[in-house]
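# Fold and geometry: a report
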Amino acid sequence: MSTETEALSRKREQRGWVWYDWANSVFPTSVTTVFGSLYLTAVAATAAEADTAMNGPTPCPGGDKLRDCDISLFGWEFPAGSLWGYLLSFATVIQVLIVPLMGAIADRTQNKKRMLAVFAFSGSVATALIALVAGGNWELGALLFILGNICYGTSVAIYYSFIPDIATADERDDLSTKGWAFGYLGGGAALAVQLVLVLFGDSIGISESNAARIAFLLSGIWWAIFTTIPLRRLKKHQPAHTSPQDSSVVTAGFKELGDTLRGARAFPLTLAFLGTYLIFTDGISTVANVSAQYGSEELKFEQQVLITTILIVQFVAYAGGLVHGLVARRIGAKRTILLSLGVWVLVIGAAYFVQAGQQLQFYAVAAGIGLVLGGTNALARALFSQMIPPGKEAQYFSVYEVGERATSWLGPLLFAFMAQQTGSYRYAIISLVIFFAVGFVLMIFVPVKRAIEAVGNTVPRTLESKA
C-alpha cells in the first residue's frame with residue numbers, strides 16, 4: 001500500500017473515530033450532570049417520604065430543603081439528598097477495579113472494535129433502562145447507573161487505545177483535540193434536544209418527571225446510534241503486545257502496568273505533575289457532576305433552568321478550550337493552568353453567593369465554569385504528554401487514566417459529607433475550593449521544563465522560556 005493510500009485510510013478511520021466522542025458524551029452530560037442527579041435524588045426522596053409517612057407523623061429533620069428524610073441500604077441510613085454524592089463515589093470506585101482489567105484485555109485482544117461495541121451498546125441499554133425507574137425505586141436506578149458508568153469508562157479506555165493504531169505521532173495532537181471538541185458539541189446537541197422536551201412537555205401532556213425518564217431513553221438511543229459510525233470506520237488492528245509466553249491477557253496486562261509503575265519512579269518530576277493534576281481534576285469533575293443538584297436543591301431552580309445552564313457550560317467550554325490554547329502560546333502552558341485554577345477558585349466562590357432564584361447570577365457562574373472547564377484538563381493532558389519517556393506513551397497514559405479514576409471519588413464524597421453534616425449545599429460547594437487551591441500551590445513548584453528534559457524530550461519552543 002502506498003504512503004498516500006495509507007494516509008487516506010488513516011484519515012477515514014480518524015473521521016469515524018471522533019464520532020465516538022460525540023456518541024458517548026451524552027452520558028457524562030445528560031445522564032451524570034443533569035438528569036441523573038435531579039431525577040434519582042427525587043426518586044430517593046419519594047421513597048424516604050413514603051417510609052417516614054408509614055412509620056409516623058414525625059417530619060424529616062431540616063424540612064424538605066435537602067430531602068433530609070433518610071433512606072437505607074443494607075442497614076446504613078443516610079439522607080436522600082446525599083444519595084447522588086455517595087453514588088458517584090461508589091460508581092467510580094467500581095470503575096477503578098474493573099476498567100484496568102478490561103483495558104489489559106483490550107490491549108491484547110484480536111478485536112478491540114468488538115469490545116468497544118459490547119461496552120458501548122451495553123452502556124446505552126443500561127442508560128435507556130433508567131427510564132423504567134419510577135416512584136421510590138431508587139435502588140434500580142442506582143444499579144443501572146453503576147452499570148452504565150462501568151460501560152462508559154471501559155468503552156472510553158478502549159476508544160483511547162485506538163489512537164496509536166490510527167494516527168502517526170504528528171497526527172495525534174490534532175486528532176485528540178478534534179475528538180475533545182466534538183464531544184462537547186455532541187453532549188450539548190443531545191442536551192438541547194432534551195431541553196426542548198422539558199420546556200414544551202407540558203403542552204403535550206408530558207410531566208417533568210416523565211420528561212426526565214424520556215431523556216434517559218433518548219440518551220441511550222443517542223449513544224447507540226452514533227456508536228455505529230466509528231464501528232463502521234475503524235478497522236481490525238493487531239494488538240501491540242503479543243507474546244506466546246502470556247498465559248492470560250489479564251495477567252500480562254497487570255504485569256505490564258506494574259512494570260510501568262515501578263519504572264515511573266525514575267521520573268519523580270513527571271509523577272509530581274501527575275499527582276498535582278489528579279488533585280485539581282477531581283475538583284473539576286465534581287463541580288460538573290453536582291452543579292445541577294446544587295442549583296435544584298439549594299437555589300430552587302426549575303429543571304429547564306438547570307438544563308439551559310448546562311448548555312451554556314457545554315458551548316462556552318468549547319470556546320474556552322480554544323482560548324486556553326491561545327493564552328498558552330503567549331505565556332506558556334504552566335502559567336495558563338495556574339491562571340485557570342485561579343479562575344476556578346473565583347468561580348466556586350461566586351457560586352456560594354448566588355441567591356436562590358436568581359437565574360442571571362447562576363448563568364454567569366455557568367459561563368465562568370465553561371470558560372475554564374474546556375481548557376484546564378485538555379492543557380494538562382498536552383503538558384503531561386511532553387513528560388512521558390519516548391516509546392512509553394500508551395503505558396503512561398494508562399497510569400494517567402487509572403489514577404484519575406482512582407482519586408475522582410474524593411470530591412463527591414466531600415460534597416455529600418459536607419451537605420449531610422452542615423445541612424447546606426452552600427458549604428458543600430465551597431468545600432470544593434480546596435482541590436483547586438491545593439492544585440494551584442503544588443503546580444507552582446512543578447518544574448515543567450526540567451521534567452520534560454529529564455525524560456529525554458525536546459522542550460517545545462512555547463515552553464523554552466515560559467514553562
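Before going into details, it helps to say that this report is about the structure given with it. Treat the numbers as computed from the prediction; the structure is a model and nothing was measured.

### Considerations on the overall build of the protein
Within the protein one finds 20 helices and 2 strands. At a minimum sequence separation of 6, the contacts of the protein that also span at least 24 residues come to 82%. Split by element, the accessible area of the protein, about 20,300 Å² in all, is 63% carbon and sulfur.

### A closer look at the environment of Met102
By the secondary structure assignment, Met102 is in helix H3 (residues 83–108). By relative accessible area, which is 16% here, Met102 ends up buried. Beyond its immediate stretch of four places on either side in the chain, Met102 contacts Met115, Phe119 and Thr154.

### Description of helix H8 (residues 208–233)
With 26 residues, H8 ought to run about 38 Å at 1.5 Å a step, and its terminal C-alpha atoms sit 38 Å apart, in line with that. Buried residues of H8: Ala211, Ala212, Ala215, Phe216, Ser219, Gly220, Trp222, Trp223, Ala224, Thr227, Pro230 and Leu231, and no others.

### A short note on the packing of aromatic side chains
Scanning the model with the defined rule gives 22 aromatic pairs in all. With a centroid separation of 4.9 Å and 10° between ring planes, the pair formed by Trp344 and Phe436 is classed as stacked. Taken together, the residues Trp344 in helix H12 (residues 333–353) and Phe436 in helix H18 (residues 433–444) connect sequence positions 92 residues apart. For the pair shown, Trp344 and Phe436 are each scored as buried. Aromatic side chains Tyr352 and Phe353 sit 5.0 Å apart centroid to centroid with 85° between the ring planes, which places their arrangement in the edge-to-face category. The class for Phe353 is exposed, based on a relative accessible area of 64%. An aromatic cluster is present here, built from Trp19, Trp22, Phe182, Trp222 and Phe226 joined pairwise through their rings.

### Some words on a positive patch on the surface
A contiguous patch of positive charge, built from Lys11, Arg12, Arg15, Arg232 and Lys235, is present on the exposed surface. Tracing the sequence through the fold places Arg232 in helix H8. Residue Arg232 is classed as exposed on the basis of its relative accessible area of 72%.

### Considerations on unusual backbone geometry
Residues other than glycine seldom take positive phi values, yet Lys300 does so here, at roughly 60°. By secondary structure assignment, the location of Lys300 is in the loop between helix H10 (268–298) and helix H11 (303–331).

### Here we look at a nonpolar patch on the surface
Judged by side-chain polarity, Val193, Leu217, Leu218, Ile221 and Ile225 come together as a nonpolar surface patch covering roughly 400 Å² of accessible area. Here the nonpolar patch takes 4 residues from H8, the largest share from any one element. Relative to the helices and strands, Leu218 is located in helix H8. Overall, the relative accessible area of 34% leaves Leu218 in the partly exposed class.

### What to know about the packing of H10 against H12
It is the contact of H10 with H12, at a shortest axis distance of 12 Å, that shows an interaxial angle of 30°. By the angle between their axes, H10 is roughly parallel relative to H12. Our pair here, H10 against H12, has a crossing hand that is left-handed. On H12, the residues touching Phe280, Ile284, Val287 and Tyr294 of H10 are Ile337, Leu341, Trp344, Ile348, Ala351 and Tyr352.

### Structural notes on the environment of Val345
Along the chain, the position of Val345 falls in helix H12. Expressed as a C-alpha distance, the spacing of Val345 and Phe440, which sit 95 residues apart in the sequence, is 9.6 Å.

### Focus on the environment of Pro230
Residue placement: Pro230 occurs in helix H8. Pro230 gets classed as buried once you look at its relative accessible area, which sits at 1%. For the pair Pro230 and Lys113, spaced 117 residues apart in sequence, the C-alpha separation works out to 9.0 Å. Not counting chain neighbours up to four residues away, the residues in contact with Pro230 comprise Gly16, Trp17, Trp19 and Tyr20.

Rules used throughout
- Residues numbered from 1 in each chain as written.
- Predicted model: local features only at pLDDT ≥ 70, side-chain atom pairs only at ≥ 80, totals over all residues.
- Heavy atoms only, no water.
- Helix = DSSP H or I, 4+ residues; strand = E, 2+ residues; numbered from the N terminus.
- Contact = heavy atoms within 4.5 Å.
- Areas by Shrake-Rupley, 256 points an atom, 1.4 Å probe, with all protein chains shown as cover.
- Buried < 20%, exposed > 50% of the residue type's maximum accessible area, 1.4 Å probe, protein only.
- Expected span 1.5 Å × (residues − 1).
- Phe/Tyr/Trp six-rings, centres within 6.5 Å; stacked < 30°, edge-to-face > 60°.
- Patch = residues over 30% accessible without salt bridge, like charges linked within 9 Å, V, L, I, M, F, W, Y side chains within 5 Å.
- Salt bridge = Lys/Arg side-chain N within 4 Å of Asp/Glu carboxyl O.
- Lys, Arg positive; Asp, Glu negative; His and termini not counted.
- Charge placed at Lys NZ, Arg CZ, Asp CG, Glu CD.
- Axes fitted to C-alpha atoms, helices over the stretch in contact; angles between N-to-C directions.
- Parallel < 35°, antiparallel > 145°, perpendicular 65-115°, else oblique.
- Left-handed = near helix turned anticlockwise from the far one by under 90°.

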